[in-house]
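Here are the chains, one letter per residue:
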Amino acid sequence: MSKKVLIVDDEPNIVTSLEFVMRRSGYETAVARDGEEALAEVERFRPDLVLLDAMMPHRDGYEVCQTLRATGWTDLKIVMLTAKGREAERTKGLAVGADSYVVKPFSTRELVAHVQELLGEDDA
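Basis of the calculations
- Residues numbered from 1 in each chain as written.
- Predicted model: local features only at pLDDT ≥ 70, side-chain atom pairs only at ≥ 80, totals over all residues.
- Heavy atoms only, no water.
- Axes fitted to C-alpha atoms, helices over the stretch in contact; angles between N-to-C directions.
- Helix = DSSP H or I, 4+ residues; strand = E, 2+ residues; numbered from the N terminus.
- Parallel < 35°, antiparallel > 145°, perpendicular 65-115°, else oblique.
- Left-handed = near helix turned anticlockwise from the far one by under 90°.
- Contact = heavy atoms within 4.5 Å.
- Nonpolar A, V, L, I, M, F, W, Y, C, P; charged D, E, K, R; others polar.
- Buried < 20%, exposed > 50% of the residue type's maximum accessible area, 1.4 Å probe, protein only.
- Pairing = 2+ DSSP bridges.
- Right-handed = clockwise from strand over helix to strand, strands pointing away.
- Polar contact = N/O pair within 3.5 Å; in protein donor to acceptor, adjacent residues only side chain to side chain.

Peer 1: Account for the packing of helix α1 (residues 12–24) against helix α5 (residues 108–118), naming residues and giving values.
Peer 2: The interhelical angle for the contact between α1 and α5, taken along N-to-C directions, is 55°, at an axis separation of 11 Å. One way to sum up the angle between α1 and α5 is to call them oblique. Note on packing geometry: the crossing formed by α1 with α5 is right-handed. Counting all contacts with α1, which are made through S17, L18, V21 and M22, the residues of α5 involved are T108, L111, V112 and V115. Looking at the contact of α1 with α5 residue by residue, the class counts come to six nonpolar, two polar and no charged.

Laid out in structure tokens, this is it:
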């Protein structure tokens, strides 16, 4: 059974690109376009990993991450994706419970390798 990746981003081009790359890499995907939708989709889809944009409407990625950790999603892998690459943002993402922090723009090949590593998988 393939692992599940939830893609949470409000930019359609990024969502399309990430869906394509993750599916091509063998992952089942679902999408949420804001923080509120992300929390509902985690409950419905039950992903193994979330690619979570930091800046979104309704609830930002930091709040979503913190809420997930506080509500028992401690084994869920969370990768924060953001255009903000300053140390303060990275530190904040890790402090609220993200497993990793990736700055946009990023290499999709590197992102897939990172996802595989977090999920304990060998290179495909």
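Peer 1: An account of the pairing of strand β4 (residues 77–82) is needed here, citing residue identities and associated values.
Peer 2: Within β4, five of the six residues are buried, leaving the element largely enclosed by the surrounding structure. Relative to β4, strand β3 (residues 49–53) runs parallel, the two being bridged by five bridges. Note on β4: the bridge partner recorded for V50 is I78. Once you follow β3 into helix α3 (residues 61–70) and on to β4, the crossover reads as right-handed. By the bridge criterion, four bridges tie β4 to strand β5 (residues 100–103) in an arrangement that is parallel. When the bridges of β5 are listed, T82 appears paired with V103.

Peer 1: Would you mind going over the environment of K4 in detail, with residue names and values included?
Peer 2: With respect to the element layout, K4 can be found in strand β1 (residues 4–8). The class for K4 is partly exposed, based on a relative accessible area of 22%. Sequence-wise, K4 and R46 are 42 residues apart; in three dimensions their C-alpha atoms are separated by 7.6 Å. For K4, the residues in contact, after removing those within four places along its chain, are E28, F45, R46, P47, D48 and L49. Within the structure, K4 has its side chain in polar contact with the backbone oxygen of F45 (distance 3.0 Å).

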